[in-house]
Amino acid sequence: SQQGEEDPQALSIQEGENATMNCSYKTSINNLQWYRQNSGRGLVHLILIRSNEREKHSGRLRVTLDTSKKSSSLLITASRAADTASYFCATRGGTSYGKLTFGQGTILTVHP
Amino acid sequence: DTEVTQTPKHLVMGMTNKKSLKCEQHMGHRAMYWYKQKAKKPPELMFVYSYEKLSINESVPSRFSPECPNSSLLNLHLHALQPEDSALYLCASSPTATYNEQFFGPGTRLTVL
């Protein structure tokens, strides 16, 4: 079964608004990553946060991690139509050699 | 070259056909992966190769047969597939299997009739 659960499943916003996606997981992790997937294409790595970090920024992206609640959030600020995509969190546990476990994903639609 | 390429982009096959998917990277990565992704679902790991050796098989049916002939190339041989095997098949690579970030190809859209 998939490690991560994400909500919302779908999010529709206007350009310029902020988008927040949440991810929960079940077991201990070394790190949590966020990937973006444009429709029917490959995934692109966005950002990684380690288990000993609480917050990380990269450009318009802000990721938080709460290991006590086993949850993470991805905030995209000042969204653009080009941000329209599916967003997945992915976790790696201590013994998961080479294995990423993906959450269910959030489909983000940004309307121009 | 900083990308993972996959061929073909689309593949339609019958249940009795034998076909192969190909994945290639020239980034010097020594770990390569196959994922299967159904519509509106997350990718699910199928196989992991590390230094050309199979290190993880996620209990994938034997009708899927992976092969890593060299450090740049990864194949997925398909035989006697079922319609439920229709999906997007994604290849990924990373410098090593313990490296966190994986680099994905665009995928092969497979339809089994």
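Here, the structure is the one placed above.
Reading guide: rules and limits
- Residues numbered from 1 in each chain as written.
- Chains lettered and ligands numbered in written order.
- Predicted model: local features only at pLDDT ≥ 70, side-chain atom pairs only at ≥ 80, totals over all residues.
- Heavy atoms only, no water.
- Contact = heavy atoms within 4.5 Å.
- Buried area = accessible area lost by both parts, 1.4 Å probe.
- Salt bridge = Lys/Arg side-chain N within 4 Å of Asp/Glu carboxyl O.
- Polar contact = N/O pair within 3.5 Å; in protein donor to acceptor, adjacent residues only side chain to side chain.
- Pairing = 2+ DSSP bridges.
- Helix = DSSP H or I, 4+ residues; strand = E, 2+ residues; numbered from the N terminus.
- Axes fitted to C-alpha atoms, helices over the stretch in contact; angles between N-to-C directions.

(A) Highlighting the interface of chain B and chain A. Contact with chain B, which involves 25 residues of that partner, is made by 21 residues of chain A. Surface buried jointly by chain B and chain A totals about 1,900 Å² across both partners, of which 53% is contributed by carbon and sulfur atoms. For the chain B face of the interface with chain A, the top three residues by lost area are Pro42(B), Asn100(B) and Phe104(B), together amounting to 29%. Across the contact surface, chain B and chain A share one salt bridge. In this structure, the salt-bridge partner of Glu58(B) is Lys99(A), at a minimum N-O distance of 2.8 Å. For the pair chain B and chain A, the interface holds seven residue pairs in polar contact (both at pLDDT 80 or more).

(B) Spatial organisation of the sheet that holds strand β7 (residues 61–66) of chain A. Residues and elements named next belong to chain A. Taken in spatial order, the five strands make up an open sheet running β1-β3-β8-β7-β6, and their pairing is antiparallel. Looking along the sheet, the strands with just one partner apiece sit at the ends: β1 (5–7) and β6 (55–58). On average, each strand axis in the sheet is tilted by 15 degrees relative to the strand beside it, whichever way the strands run. Strand direction decides the pairing type here: strand β3 (residues 19–24) and strand β8 (residues 71–76), joined by six bridges, are antiparallel. For Ala19, the partnering residue across the bridge sits in β8 and is Ile76.

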